[in-house]
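Report on the structure
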Amino acid sequence: MPRNKYSWDEDKRPRRKRRLWVWLLLAPLLLLVSAGAVGAILAFLVQSEFVRKADEFDLDRLERMESASMIYDRKGDLIGKIFIQNRDPITYDRISPLLVQAVMSAEDQRFREHDGVDYWGVVRAAIANWSAGRIRQGASTITQQLARNSFDLKERTYKRKLLEMALAQRIEKKFSKDKIMELYLNRVYFGGGLYGAEAAARGYFGVSATDLTAAQAAVLAGLLKSPNSLSPWTNPELSKASRDYV
């Protein structure tokens, strides 16, 4: 005796097909969400670890740096210096705004905007380095460079980089942007045995950092990439090209 066919029997196969397609579409999304959640948890744990390590550094050390001892004659004229590092620290208001602008253009264009780490810069550098197959660009902000130079974080590892980033964000919470720029420009090496903007301005051009012209400021900013190879004393053509780029 033939079996009666009902409409709900005919609908079973299409419904199963729909369910299969739904699961095929949802599975990658669920995997992506799960991977994202796991990644977020791991990132939080890693960040917490490096934030804890960054908290161990004494930020007062940022303002302690070696400077030259000046020797004057009885008339008050400078006749000599005694130093390990030839440096003459000055306050932010004595640094030419042209030098500040030049350094930001050369080293950290988003200095006034980020919190110590330029995440867009990190992504941009990662893409450029991946495309080149080698490290061509860095993504260190001025604040990160200050942290690295102040606490001798020279090791080229990912752990060191993460610690540097966490430390830079801590510095940004403690100091204003102007103060960070002041500390940076007083600490960095400009080549020729000259440390800090004031010593560099006087050493290269015979003027105070207050009185630098745009061209002179661009030369000093360009030196930060490679103080020895871009020196106007030893490589004037390369120094000029670097100045023009800045």
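Residues numbered from 1 in each chain as written. Predicted model: local features only at pLDDT ≥ 70, side-chain atom pairs only at ≥ 80, totals over all residues. Heavy atoms only, no water.

Brief notes about the overall build of the protein
Spelled out, the test is: Only DSSP runs of H or I reaching four residues or more are called helices, and only runs of E reaching two or more are called strands; each is numbered from the N terminus. For every residue, the accessible area (1.4 Å probe, protein chains only) is compared with the maximum for its type, and the residue is labelled buried under 20%, exposed over 50%, or partly exposed between those bounds. Contacts are assigned to residue pairs that have any heavy atoms within 4.5 Å of one another. In this description, accessible areas are obtained by the Shrake-Rupley approach with a 1.4 Å probe, and a residue is regarded as covered only by the protein chains that are shown.
When helices and strands are counted, the protein shows 9 helices and 4 strands. Element order for the protein, N to C, with α for helix and β for strand: α-β-β-β-α-α-α-α-α-β-α-α-α. Across the 246 residues in the protein, those meeting the buried criterion constitute 36%. Looking at the protein alone, contacts between residues at least 24 apart form 58% of all its contacts between residues at least 6 apart. Surface summary for the protein: the accessible area is close to 16,000 Å², and the carbon and sulfur share equals 57%.

Some words on helix H6 (residues 177–187)
For H6, the tally of buried residues reaches 9 of 11 residues, placing the bulk of the element in the interior. Of all the residues in H6, the buried ones are Lys-177, Ile-180, Met-181, Glu-182, Leu-183, Tyr-184, Leu-185, Asn-186 and Arg-187.

Observations concerning the side chain of Lys-177
In plain terms, the rule: In protein, a polar contact means a hydrogen-donor-capable atom and an acceptor-capable atom, both N or O and within 3.5 Å, with residues adjacent in sequence counting only if both atoms are side-chain atoms; elsewhere, any N or O pair within 3.5 Å suffices.
By the secondary structure assignment, Lys-177 is in helix H6. Take Lys-177: its relative accessible area is 15%, and that puts it in the buried class. A polar contact of 3.0 Å, which involves the side chain of Lys-177, links it to the side chain of Glu-172.

Details of the pattern of salt bridges
This is how it is decided: For salt bridges, the criterion is a side-chain nitrogen of Lys or Arg within 4 Å of an Asp or Glu carboxyl oxygen.
The final tally for this structure, using the stated rule, is 18 salt bridges. Across the pair Glu-164 and Lys-161 runs a salt bridge whose closest N-O atoms are separated by 3.4 Å. Placement of both Glu-164 and Lys-161 in helix H5 (residues 158–174) is noted, with a separation of 3 residues, approximately one turn of the helix. The closest approach of N and O atoms between Glu-198 and Arg-202, which form a salt bridge, is 2.7 Å. A residue pair is termed a helical-turn pair when its members lie 3 or 4 positions apart in one helix, as Glu-198 and Arg-202 do in helix H7 (residues 197–205) at 4 residues. The class for Arg-202 is partly exposed, based on a relative accessible area of 44%. Residues participating in the shared-partner salt-bridge network are Glu-49, Arg-52, Lys-53 and Glu-56.

Topic: the packing of helix H2 (residues 97–107) against H6
Each packed pair of helices is defined by two parameters, the angle between the axes and the distance between the axes. Note the threshold: Lines fitted to C-alpha atoms define the axes here, with helix axes fitted over just the stretch in contact, and angles between the N-to-C directions of these axes take values from 0 to 180 degrees. Note on angle classes: values under 35 degrees are labelled roughly parallel, values over 145 roughly antiparallel, values of 65 to 115 roughly perpendicular, and the remainder oblique. Charged residues are taken to be Asp, Glu, Lys and Arg, nonpolar residues to be Ala, Val, Leu, Ile, Met, Phe, Trp, Tyr, Cys and Pro, and polar residues to be all remaining types, Gly included.
Relative orientation of the contacting elements H2 and H6 amounts to 85°, with a least axis distance of 12 Å. As the angle between them shows, H2 and H6 are arranged roughly perpendicular. Contacts from Leu-99, Val-100, Val-103, Met-104 and Glu-107 in H2 reach Met-181, Tyr-184 and Leu-185 in H6. In the contact of H2 with H6, the residues fall into 7 nonpolar, no polar and 1 charged.

Here we look at the packing of helix H8 (residues 214–223) against helix H9 (residues 236–245)
One way to put it is that H8 packs onto H9 with a least axis distance of 8 Å and a crossing angle of 110°. Between H8 and H9, the angle is such that the two are roughly perpendicular. Along its contact with H8, which presents Ala-215, Ala-218, Val-219 and Gly-222, the element H9 presents Ser-239, Ser-242 and Arg-243. Within the contact of H8 with H9, the residues separate by chemical class into 3 nonpolar, 3 polar and 1 charged.

Things to note about the confidence of the model for the protein
The following threshold applies: Confidence scores per residue from the predictor, reported as pLDDT, run from 0 to 100.
Chain-level pLDDT for the protein is 82 on average; 70% of the residues reach the 70-or-more range. Across residues 42–46, where pLDDT falls below 50, the model places 1 contact with residues more than four positions away in sequence or in other chains.

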